[in-house]
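Chain residues, written in single-letter form:
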Amino acid sequence: MASEMEIETLPGAGGEHELDLGNLLVAHYRDPVTLSNGTAMSEAERDVEYVEQGRNLVQVLVDRLFNMPSTVDKTGRLVTLPKPSFQLPREKPLPKPRPMTKWEAFAQTKGIKKRKRSKLEFDEGKEEWRRRHGYKRVNDENDIPIIEAKAGDEPGEDPFLKLRESKKERVAKQDKNQLENLKRAAKQGGKGALPSTLQLAATSLAVTGGKQPGQKLSKNDLGDAAGLASTATASIGKFDKKLPGEKPAKKLGKHRKFLPVVDGQGKEKELITNVMKKVLAENDFSGLDVNKAVRAHNVEESGKPSKKVGGKKRAEGAFKKGGSRKGMAPSGKSGKKSSFGGKSGGKAGGKERKSSKR
Amino acid sequence: MLRIVKPKTKRAKRELEKRAPKLEENSKKLLLLHGTKTTASIKQVLSDFYHLRKEGGKAIKYTKKNDAIRPFEGGGETSLEFLSQKTDCSLFAFGSHSKKRPNNLVFGRMFDHHVYDMMEVGIEDFKSIETLGGGRKAAPQAGSKPCFAFVGEKFESDPKFRHFKELIVDFMRGEVVETINLQGLDRVFLCVAVGDKVIFKHCAIRFKKSGTKVPRVELIEAGPCMNMVLRRNREPSTDLRKEAMRLAPKTSKKKVKNVSTDSLAGKVGRMYVPAQEVGDMALTKMKGLKRERRAEAAAKASSLRNKSESGGGDVTMGEAENEFAGSPNKKLKSKGT
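Residues numbered from 1 in each chain as written. Chains lettered and ligands numbered in written order. Predicted model: local features only at pLDDT ≥ 70, side-chain atom pairs only at ≥ 80, totals over all residues. Heavy atoms only, no water.

The name recorded for chain B in an unreviewed UniProt entry is Ribosome production factor 2 homolog, from Physcomitrium patens. As its UniProt record puts it under Sequence similarities (unreviewed entry), chain B is described as follows: "Belongs to the RPF2 family." (UniProt positions renumbered as here; feature names shortened; annotations may be inferred.)

In the annotation of an unreviewed UniProt entry, the entry for chain A reads Ribosome biogenesis regulatory protein, and the organism field reads Physcomitrium patens. Here is the UniProt Sequence similarities (unreviewed entry) comment for chain A, exactly as written: "Belongs to the RRS1 family."

**Things to note about the overall build of chain B**
When helices and strands are counted, chain B shows ten helices and 13 strands. In chain B, which comprises 337 residues, the share counted as buried stands at 39%. Counting contacts in chain B only where the partners sit at least 6 residues apart, residues at least 24 apart contribute 67% of the total. Counting only carbon and sulfur atoms, one obtains 52% of the accessible surface of chain B, whose full area is about 20600 Å². (Helix = DSSP H or I, 4+ residues; strand = E, 2+ residues; numbered from the N terminus. Buried < 20%, exposed > 50% of the residue type's maximum accessible area, 1.4 Å probe, protein only. Contact = heavy atoms within 4.5 Å. Areas by Shrake-Rupley, 256 points an atom, 1.4 Å probe, with all protein chains shown as cover.)

**Quick word on the overall build of chain A**
On a plain count of helices and strands, chain A comes out with ten helices and eight strands. When the 358 residues of chain A are sorted by exposure, 24% land in the buried category. Taking as baseline every contact in chain A between residues at least 6 positions apart, the subset at least 24 positions apart corresponds to 35%. When the accessible surface of chain A is totalled, it reaches about 27300 Å², and 56% of it is carbon and sulfur.

**Observations regarding the packing of helix H2 (residues 40–53) of chain B against helix H6 (residues 159–172) of chain B**
Two quantities define a packed helix pair, namely the angle between the axes and the distance from one axis to the other. Residue and element names in this part refer to chain B. One way to put it is that H2 packs onto H6 with a least axis distance of 10 Å and a crossing angle of 55°. Relative to H6, the element H2 is oriented oblique. In this structure, H2 uses Phe 49, Leu 52 and Arg 53 to contact H6, whose residues at the interface are Asp 170, Phe 171 and Met 172. Residues belonging to the contact of H2 with H6 are distributed by class as follows: four nonpolar, no polar and two charged. (Axes fitted to C-alpha atoms, helices over the stretch in contact; angles between N-to-C directions. Parallel < 35°, antiparallel > 145°, perpendicular 65-115°, else oblique. Nonpolar A, V, L, I, M, F, W, Y, C, P; charged D, E, K, R; others polar.)

**Points about the pairing of strand S5 (residues 77–80) of chain A**
In terms of strand pairing, strand S4 (residues 70–72) of chain A meets S5(A) through three bridges, oriented antiparallel. Counterpart to A:Ser70 in the pairing with S5(A) is A:Val79. Linking S4(A) back to S5(A) in an antiparallel pair, the connection comprises four residues, with A:Gly76 at a positive phi of about 155°. Inspection of the sheet shows S5(A) paired to strand S8 (residues 179–181) of chain B by three bridges, in the antiparallel sense. From the neighbouring strand, A:Val79 faces S8(B), where its bridge partner is B:Ile180. (Pairing = 2+ DSSP bridges.)

**Points about the nonpolar core**
Grouped together as the largest cluster of nonpolar side chains are 39 residues, with contacts concentrated most on B:Phe49, B:Leu105 and B:Phe164. Sorting elements by how many residues they give to this core places H6(B) first, with seven residues. If near-sequence neighbours (up to four positions away) are discounted, B:Phe49 is found in contact with B:Leu32, B:Leu105, B:Phe107, B:Met172, B:Phe200, B:Met226 and B:Met228. Core analysis: the next-biggest nonpolar cluster, separate from the first, contains 30 residues, A:Leu81, B:Cys147, B:Val151 and B:Val192 among them. (Core = buried A, V, L, I, M, F, W, Y, C linked by side-chain atoms within 4.5 Å.)

**Brief notes about the packing of aromatic side chains**
Under the defined criterion, the tally for this structure stands at eleven aromatic pairs over all chains. An angle of 45° between the planes, with centres 5.7 Å apart, marks the rings of A:Trp103 and A:Phe106 as tilted. Note that A:Trp103 and A:Phe106 are positioned in helix H3 (residues 102–110) at a spacing of three residues, about one turn of the helix. Looking at A:Trp103, the relative accessible area reads 51%, which means it is exposed. Among the residues examined, A:Phe106 registers a relative accessible area of 41% and is labelled partly exposed. When the ring of A:Phe122 is compared with that of A:Trp129, the centres are 5.3 Å apart and the planes differ by 70°; the resulting orientation is edge-to-face. With relative accessibility at 58%, the residue A:Trp129 sits in the exposed group. In textbook terms, an aromatic cluster arises when at least three aromatic residues are bridged by ring pairs, as seen for B:Phe49, B:Phe107, B:Phe148, B:Phe150, B:Phe155, B:Phe161, B:Phe171, B:Phe189 and B:Phe200. (Phe/Tyr/Trp six-rings, centres within 6.5 Å; stacked < 30°, edge-to-face > 60°.)

**Remarks on the UniProt feature "coiled-coil region" (unreviewed entry) in chain B**
According to UniProt, the feature "coiled-coil region" (unreviewed entry) maps to residues 6–33 of chain B in the numbering used here. Counted over residues 6–33 of chain B, helix gives 36% and strand 14%. Its end C-alpha atoms are 31 Å apart.

**So, the pattern of salt bridges**
Side chains bearing opposite charge may pair, as long as their charged atoms lie close to each other. The full count for this structure, using the stated rule, is 26 salt bridges over all chains. Note that A:Glu104 and A:Arg98 form a salt bridge whose closest N and O atoms lie 3.0 Å from each other. A network of salt bridges, in which partner residues are shared, links B:Lys28, B:Arg109, B:Asp117, B:Glu166, B:Asp170 and B:Arg241. (Salt bridge = Lys/Arg side-chain N within 4 Å of Asp/Glu carboxyl O.)

**What to know about H6(B)**
Residues and elements named next belong to chain B. Counted at 1.5 Å a residue, the expected span for H6 with its 14 residues is 20 Å, and the 20 Å between its end C-alpha atoms agrees. In terms of burial, H6 is largely enclosed, as eleven of its 14 residues are buried. The backbone nitrogen of Lys 160 has a side-chain oxygen 3.0 Å away, supplied by the residue at the start of H6, namely Asp 158. Positive phi appears at Gly 174, one or two residues downstream of H6, with a value of about 70°. (Expected span 1.5 Å × (residues − 1). Polar contact = N/O pair within 3.5 Å; in protein donor to acceptor, adjacent residues only side chain to side chain.)

**Regarding the interface of chain B and chain A**
Many structure descriptions define interface size as the accessible area lost when the parts assemble. Listed by partner, the interface residues are 77 residues for chain B and 61 residues for chain A. Of the roughly 6500 Å² buried between chain B and chain A on both sides combined, carbon and sulfur atoms contribute 62%. Along the contact surface separating chain B from chain A lie four salt bridges. For A:Lys92, the salt bridge identified is with B:Asp88, shortest N-O distance 2.7 Å. Our count for the contact surface shared by chain B and chain A stands at 31 residue pairs in polar contact (both at pLDDT 80 or more). Among the residues forming the side of chain B that touches chain A, the class breakdown is 41 nonpolar, seven polar and 29 charged. Bridging between strand S3 (residues 25–28) of chain A and strand S7 (residues 147–151) of chain B involves four bridges; their strand directions are parallel. In the strand pairing of S7(B), A:Val26 is matched with B:Ala149. (Buried area = accessible area lost by both parts, 1.4 Å probe.)

**Digging into the sheet that holds S8(B)**
On the basis of which strands lie adjacent, the open sheet formed by three strands has the order S4(A)-S5(A)-S8(B) and antiparallel pairing. The open sheet has two edge strands, S4 of chain A together with S8 of chain B, and neither has a second partner. Taken pair by pair, the neighbouring strands of this sheet meet at an average axis angle of 30°, ignoring direction.

Below, the structure is given as structure tokens:
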């Protein structure tokens, strides 16, 4: 820093001095002779001497500035200053380059280049030049008065609503992409990598409290939250005082149910028989149409779907007593309701599928 | 879950953009703060510094007592850093007074809203702008670019004094400019190193006639003037210093279209002038040019001719009418295009 400065000999005061014209700075690194030679001086005299020292230095600076090439302006003479040589620290770190978005990174690997497109485009329908985006844009969906029906249209479907919804979806997708890109940028480059006007903030769930700005709690959300809060006691809210007009808690959730210790209605018997039936059904093929099942099995093995639509479903339906589709559900949960045969079918079907995968 | 938080108003957005790190930075802002205990003179020092820097909103003075700020102690910077963040100031001056350190002033700088370096000085023999009258007649213009003059061997040899010099320049230099009006050179910060003190004087510059191109300089004390006893200081760590001294990469200047330089005329610009529609221009209509008048005049002339030549008057009249049938506008248009 100091070495970069101009060093000249000062004729009047003796010794060297430094000049930094960019900062209008002049320094003389010698103690003034008049002050250091030990002559007794009063405070006032010393003060005058200090100012005199400064004056000499400023005179040097002014000499240099007034001898520099200048341009004449209405207000006076203008001098172009060199850049400051006395370097001072920055107040903030250098701005980081914006990290690439996912698309930009992809485009770079693929060598896709951005094409410049004109702001205006010709609207065929309106027969005039219009903006490509924004208000009064070309082919604006909001301005379409009539949409012609097509052969494939489902009756009762609102094509305008469809357009609006598709737009909403596109916007939502873009928002999601933006968020993902920002998250990635923040992860890679820290806080400084995000644009200065954007921030990422954690949102809290409605139920756990914490205000979500711009989003009002709906009536249902409030009800849920109140319900959860009222049951968050040792007695699950049983002995709490109810407020006037307070409704019973919503969405209590599933709790454990205990069977009665003494039971006269054969409930215990029913449960046991259910288990037994389940076990027996594993080996019971009485309700199976073997031919159909084999055919279905072959189709699955070969990996070719049958020509008819839903070949797989047909394969499932090969069980005679399957009854409704519900009974055929692979989970087998709904099997409880159906008949014994149906149940066995469901199970067998499940087995069939497993074997076919092998 | 994360979500994007955007400024809700354009104004807020602009404010954030102003505060963002830039390649070419804004000039630094100064934050002036008071400790729990202050004296009249230290308060005056702070308000005088505020007065020197307030032009263009480059200084903010808070008058509340700050008991949480103890700059040289561990954990005493939190509040300072918060205030720096809040006000976007990267310079601070903290005035306090205690038995151990009477009339204490801490100068400090921030880098990325964290304390970069600091220097503590004791104020002695303070003369405010008010008592000195601000060099009333030749009072420096508010916000003008100051000069700096440093006298003394210690500003080169003593690291503490060197540090002080750097701080004073950073605090007072204001904006970095390319050109300066020579008439605008009207103030200087004069620092003389004497013993363990710095004699700090803010003087107004006056130009007197010298008989040559360069005027003779005269200095008038404008205030604030004081003696500063250098106390503790904290220099930045080498890492931080390296980070803060990083220079912006040189950018190649964008080519300016349609502007060239001429050795005679200097800067020459070519600009687009739309076609002038002279034909549709509204002109002042003179009575003499009205069709009836013209016709009359023509008739008169022809009749005069008839008198002198006798005969064929009708025909000439008809010809005259035809001649003036075209509107004057049309004629002009054909000329213009």
